[in-house]
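What follows is the residue order along each chain.
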Amino acid sequence: MSPEYRTRSLLGPLARDGFKKAGMLASLTLVLATGVVGPAAATARSVSDHEATTRLSGGNDKCKKQGKPHKTNKNECKGATGATGPKGATGATGATGATGATGTGATGATGSTGATGAPGATGPSDGATGATGATGATGATGATGATGVCADIDAFHPQGNLEFRVALAAGRTYAGIRDYSGNNPNPSFLWTDLTTHPGYPAGGTDGQNRPIGTPCGVAIAEHQTSLGVRFDVITDTGRVYETRCNEVNSTNPATLNCNDANGNPYPWSQVTLQPVTGAANGGAPAG
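Computed from a prediction, not measured in an experiment: that's the story for all the values here.

Rules behind the numbers
- Residues numbered from 1 in each chain as written.
- Predicted model: local features only at pLDDT ≥ 70, side-chain atom pairs only at ≥ 80, totals over all residues.
- Heavy atoms only, no water.
- Helix = DSSP H or I, 4+ residues; strand = E, 2+ residues; numbered from the N terminus.
- Contact = heavy atoms within 4.5 Å.
- Areas by Shrake-Rupley, 256 points an atom, 1.4 Å probe, with all protein chains shown as cover.
- Disulfide = S-S within 2.5 Å.
- Buried < 20%, exposed > 50% of the residue type's maximum accessible area, 1.4 Å probe, protein only.
- Phe/Tyr/Trp six-rings, centres within 6.5 Å; stacked < 30°, edge-to-face > 60°.
- Lys NZ or Arg CZ within 6 Å of the ring centre and 35° of its normal.
- Pairing = 2+ DSSP bridges.
- Axes fitted to C-alpha atoms, helices over the stretch in contact; angles between N-to-C directions.
- pLDDT = per-residue confidence, 0-100.
- Core = buried A, V, L, I, M, F, W, Y, C linked by side-chain atoms within 4.5 Å.
- Salt bridge = Lys/Arg side-chain N within 4 Å of Asp/Glu carboxyl O.

A.B. asks: Explain the overall build of the chain to me, please; I cannot follow it from the model alone.
C.D. replies: In terms of helices and strands, the chain carries three helices and eleven strands. Along its sequence from the N terminus, the chain presents helices and strands in the succession α-α-α-β-β-β-β-β-β-β-β-β-β-β. Here the contacts in the chain between residues at least 6 apart in sequence split such that 41% fall between residues at least 24 apart. When the accessible area of the chain is evaluated, it comes to approximately 20,300 Å², of which 55% is carbon and sulfur surface.

Structure representation (structure tokens):
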């Protein structure tokens, strides 16, 4: 509806302005009393109302001269701009944006090798030598090793022109004779191998299962002519064996005959009693 066709008030401009002022004051008082707005808002509203009142009451106010209300339309009698309201609360922080893609830079060229550092100082020398440990216990006795090669020789030179020898070498026993008689004495020994005679000790065991051993020493002795010359051997187990030969003076030079009347070699036989540990005028029976 256009302002021109509204019912005009019976009061004059001055009366209407008074009523407006009283209404504004009453409204401000009511708002402050009820706590609807704060003092700052009330003050701002009071100032705005005061400015409006002043415009309405001014001598040059167009709306007042025309007897029109203060607010008419868009182009006429526009009211004053109100005071700026208080600053609103700060809004919530927005969500963090997604992380951008990581760029991959090209690998830089390998740097040149640095210079070799100076040699380090020589470390300290070893500490003092520790004390010598205690001597360990004596180990068990090892097994008896094999018997080494035995070698031996013996001689007998009675009054007369004959000399006898017996020799042992490499396990074999030899009997020898040398004749000094006549105008041309024989400077050489004549040897007979007694190893081939029956019963020659060459290891194994005897009839009582005792070890025989092998010859490791020899000896010689002469008896009366009927008994000839005796040759003895002792083995590495302590067994004693003997055999005999006869001297033959009918030849030049003299020789030895180590066979019996039948032409068989005299055998080797154990002496009746064998040496034994702790014996006194006794011994172990021959096997």
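What follows picks up the thread again.
A.B. asks: Even after reading the chapter, I still don't get the state of the cysteines, so can you show me in this structure?
C.D. replies: Two cysteines form a disulfide when their sulfur atoms are joined by a covalent bond. Applying the stated criterion to the full structure yields two disulfides. Across the disulfide, Cys150 is cross-linked to Cys216 (sulfur-sulfur distance 1.6 Å). Measuring the twist about the S-S bond at about -65 degrees, one finds the Cys150-Cys216 disulfide to be left-handed. Of this pair, Cys150 sits in the loop between helix H3 (62-65) and strand S1 (151-156) while Cys216 sits in strand S5 (residues 215-222), and the two are 66 residues apart along the sequence. On the basis of relative accessibility, which here comes to 13%, the residue Cys150 falls in the buried class.

A.B. asks: Please explain the packing of aromatic side chains as it appears in this structure.
C.D. replies: Centre-to-centre distance and the angle between the planes together describe a pair of aromatic rings. Scanning the model with the defined rule gives three aromatic pairs in all. Relative to Phe164, the ring of Phe156 lies with its centre 6.5 Å away and its plane at 25 degrees, an arrangement referred to as stacked. The partly exposed category is assigned to Phe156, whose relative accessible area is 26%. Across from the ring centre of Tyr266, 4.8 Å away, lies the NZ or CZ of Arg244, which sits over that ring.

A.B. asks: Would you explain unusual backbone geometry in this entry?
C.D. replies: Both trends apply: most residues other than glycine have a negative phi, and most peptide bonds are in trans. Residue Pro253 follows Asn252 across a cis peptide bond; omega there is 10 degrees. Examined against the element boundaries, Pro253 turns out to sit in the loop between strand S7 (240-248) and strand S8 (255-257). With a phi angle near 55 degrees, Ala170 is a residue other than glycine that sits in the positive phi range. Take Ala170: it is sitting in the loop between strand S2 (162-169) and strand S3 (172-179). For Asn281, which is not glycine, the phi dihedral falls at a positive 55 degrees. Taking the relative accessible area as the measure of exposure, Asn281 reaches 89% and is therefore exposed.

A.B. asks: Mind showing me how you'd approach the sheet that holds S1 here?
C.D. replies: Think of a sheet as strands paired side by side through backbone hydrogen bonds, with each pair either parallel or antiparallel. Taken in spatial order, the four strands of this open sheet run S1-S2-S3-S4, and their pairing is antiparallel. Each edge of the open sheet is held by one strand with a lone partner, namely S1 and strand S4 (190-193). Each neighbouring strand pair of the sheet contributes to a mean axis angle of 20 degrees, computed without reference to strand direction. Bridge count between S2 and S3: eight bridges; the pairing is antiparallel. Along S3, the bridge assignment pairs Ala167 with Tyr174.

A.B. asks: Looking at this structure, how should I read the confidence of the model for the chain?
C.D. replies: Any region with low pLDDT has predicted coordinates that should not be read closely. Mean pLDDT for the chain: 75, with 64% of residues reaching 70 or above. Within the chain, helix H2 (residues 39-57) has the poorest average pLDDT of any element, 43, and S4 the best, 96. Across residues 1-11 the pLDDT falls below 50, and counting only partners more than four positions away or on other chains, this stretch makes eight contacts in the model. The model gives residues 18-60 a pLDDT under 50, and that stretch makes 32 contacts with residues more than four places away or in other chains.

A.B. asks: What am I meant to see in the pairing of S2 here?
C.D. replies: If a strand is regular, its side chains alternate between the two faces of the sheet. Of all eight residues making up S2, six are buried, and the element is well covered by its neighbours. Here S1 runs beside S2; their pairing, made up of six bridges, is antiparallel. When the sheet's bridge partners are listed, Asp152 is paired in S2 with Leu168. Between S2 and S3, which pair antiparallel and follow one another directly, the connecting turn spans two residues, one of which, Ala170, has a positive phi of 55 degrees.

A.B. asks: Whenever I open this one, the nonpolar core confuses me. Can you help?
C.D. replies: Within soluble globular proteins, side chains that are nonpolar generally end up buried alongside one another. Counting 21 residues, the largest nonpolar core has Phe164, Leu194, Phe231 and Leu256 as the members making the most contacts within it. It is S2 that provides the largest number of residues to this core, a total of four residues.

A.B. asks: How should the pattern of salt bridges be read in this particular structure?
C.D. replies: With the rule as written, the count across this model stands at five salt bridges. Where Arg165 meets Glu163, a salt bridge forms, and the shortest distance between an N and an O atom there is 2.6 Å. On the basis of relative accessible area, Arg165 is assigned to the partly exposed category, the value being 23%. Arg178 is the salt-bridge partner of Glu163, the closest N and O atoms lying 2.9 Å from each other. A residue pair is termed long-range when its members are at least 10 positions apart, and Glu163 in strand S2 and Arg178 in strand S3 qualify at 15 residues. The class of Arg178 is buried, set by a relative accessible area of 17%.

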